[in-house]
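Examining the three-dimensional arrangement
Listed below are the residues making up each chain.
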Amino acid sequence: EGMYRFQFRADFRKDDKFAVSGRKAFLSIKKALEREGINIDDYAITNGEEVKKEIEPYMISYSGTIGKVWEHAYHADANSSFWSQLCKAHPEFTPAIEPIYKERKVKPTNKGVLTNSIGFFQSIDSCGARWANLSKDAINGNNDFVRDLKKKLWAAGYLPIAINTDGIWYVDNRGKGPYHDDNEGTGLGQWKNDHHDCTIRFKSKGAYEFIENGEYHPVIRGRTKYDRVKPREEWQWGDIFRDDANEIIKYQFKEGRGIIKYE
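Residues numbered from 1 in each chain as written. Predicted model: local features only at pLDDT ≥ 70, side-chain atom pairs only at ≥ 80, totals over all residues. Heavy atoms only, no water.

Turning our attention to the overall build of the protein chain. Summing up its helical and strand segments, the protein chain has eight helices and nine strands in all. Taking 18 Å as the expected radius of gyration for a compact globule of 263 residues, we find that the protein chain reaches 20 Å, a close match to that expectation. Burial analysis of the protein chain (263 residues in total) assigns 43% to the buried set. The contacts of the protein chain with a sequence gap of at least 6 include a subset with a gap of at least 24, amounting to 61%. Accessible surface, the protein chain as shown: approximately 15300 Å² in total, 48% of it carbon and sulfur. Computing the positive centroid from 42 side-chain charges and the negative centroid from 40, the protein chain places the two 3 Å apart. (Helix = DSSP H or I, 4+ residues; strand = E, 2+ residues; numbered from the N terminus. Rg over C-alpha atoms; globule rule 2.2 N^0.38 Å. Buried < 20%, exposed > 50% of the residue type's maximum accessible area, 1.4 Å probe, protein only. Contact = heavy atoms within 4.5 Å. Areas by Shrake-Rupley, 256 points an atom, 1.4 Å probe, with all protein chains shown as cover. Lys, Arg positive; Asp, Glu negative; His and termini not counted. Charge placed at Lys NZ, Arg CZ, Asp CG, Glu CD.)

The structure is reproduced here in structure tokens:
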């Protein structure tokens with residue numbers, strides 16, 4: 001006698017990038033391109049599932065000793081790297097994308113438009129991966145950008161210790177201060193140092209903690225049992241190594257049983 005749709009997900013209202021679904025992000029991009037006379041359907045492909053296999057994994061790594069404390073650490077961050085590289089591969093997109101990028105501070109949902117549209121392009125369920133070629137240009141281009149920046153850091157005498165998708169943690173072990181080059185800036189296609197002179201240590205490639213200007217920051221992908229005990233903004237140095245901070249809370253849906261905790 002009717003239709004029902006049940007959604008089980010995180011509280012997306014707490015994060016602006018999740019306030020925009022992949023489809024809404026895609027439609028925003030589509031309209032922005034249309035205003036510049038570009039029809040995104042002209043970029044659609046029919047072998048999206050095959051092209052999707054050519055998309056590299058996100059680069060997330062840590063090359064140091066677990067628990068080692070690093071001093072004088074900096075973080076080099078690529079600016080909206082996926083769309084930066086997509087605009088590099090397709091310069092005709094730039095006039096449409098640049099305003100979305102520049103307004104992301106006054107319109108935070110723009111961050112979701114930029115990030116979530118890339119996921120939609122290659123989604124088999126959402127669009128049959130009709131624009132997986134654009135996701136490939138964005139993601140593989142980002143990886144090339146980060147690899148190139150890492151080489152430049154090495155060549156300049158810095159020690160890269162971790163990569164987190166579109167950024168690099170590196171250590172100034174010669175007292176030179178942060179790294180700079182001609183491509184440093186706030187525009188599309190550029191990078192910036194967004195964390196300075198930090199004390200940092202890693203538990204894994206996706207879990208680390210750092211202190212910057214006396215303020216503590218824990219970083220763990222996903223939510224843990226300890227998040228239920230104490231809000232993450234109240235965590236202290238060493239809390240990421242707690243046993244209850246090791247277990248990430250995950251769920252899955254099983255036919256006939258419903259939503260269950262995923263071990």
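With that out of the way, let us pick up the pairing of strand E4 (residues 167-171). Across the five residues of E4, five count as buried, placing the element largely inside the fold. The two faces of E4 match: Gly167, Trp169 and Val171 on one face and Ile168 and Tyr170 on the other face are all buried. With five bridges connecting them, strand E2 (residues 70-78) and E4 associate as antiparallel partners. Opposite Ala76, over in E4, you have Ile168 as the bridge partner. With four bridges connecting them, strand E3 (residues 159-164) and E4 associate as antiparallel partners. Residue pairing across strands places Ile163 opposite Ile168, the latter belonging to E4. (Pairing = 2+ DSSP bridges.)

Our focus in this paragraph is unusual backbone geometry. For Thr165, which is not a glycine, the phi torsion comes out positive at approximately 70°. Unusually for a residue other than glycine, Asp197 sits at a positive phi of about 45°. Topologically, Asp197 is positioned in strand E5 (residues 191-204).

A word on the pattern of salt bridges. In a structure, side chains of opposite charge can pair up when their charged atoms sit close to one another. In this structure the tally under the stated criterion is nine salt bridges. Between Lys53 and Glu50 there is a salt bridge, with its nearest N and O atoms 3.2 Å apart. Put simply, Asp148 and Lys152 hold a salt bridge, and the shortest N to O gap is 3.3 Å. Here the residue Asp148 and the residue Lys152 both occupy positions in helix H7 (residues 132-155), the gap between them amounting to four residues, near one helical turn. (Salt bridge = Lys/Arg side-chain N within 4 Å of Asp/Glu carboxyl O.)

Our next topic: the packing of aromatic side chains. If you walk through the whole model with that rule in mind, you get 18 aromatic pairs. Where Tyr43 meets Phe93, the ring centres are 5.0 Å apart and the plane angle is 65°; that geometry is what we call edge-to-face. Highlighted residues: Tyr43 in the loop between helix H1 (22-35) and helix H2 (48-52) and Phe93 in the loop between helix H3 (81-89) and helix H4 (94-102), separated in sequence by 50 residues. By the burial criterion, Tyr43 is buried, and Phe93 matches it. (Phe/Tyr/Trp six-rings, centres within 6.5 Å; stacked < 30°, edge-to-face > 60°.)

Counting buried residues along strand E6 (residues 207-212), five of its six residues qualify, which places the element largely inside the surrounding structure. Sheet topology places E5 next to E6; five bridges connect them, and they run antiparallel. Paired with Phe202 across the two strands is Tyr208, which belongs to E6. Remark: two residues form the turn of the hairpin made by E5 and E6, two consecutive strands paired antiparallel. Relative to strand E7 (residues 215-220), E6 runs antiparallel, the two sharing six bridges. Residue pairing across strands places Ile211 opposite Tyr216, the latter belonging to E7. Hairpin connection between E6 and E7: a loop of two residues separates the two successive antiparallel strands, and Asn213 in this loop has a positive phi of roughly 55°.

Scope: geometric values only; no functional claims are made or implied.
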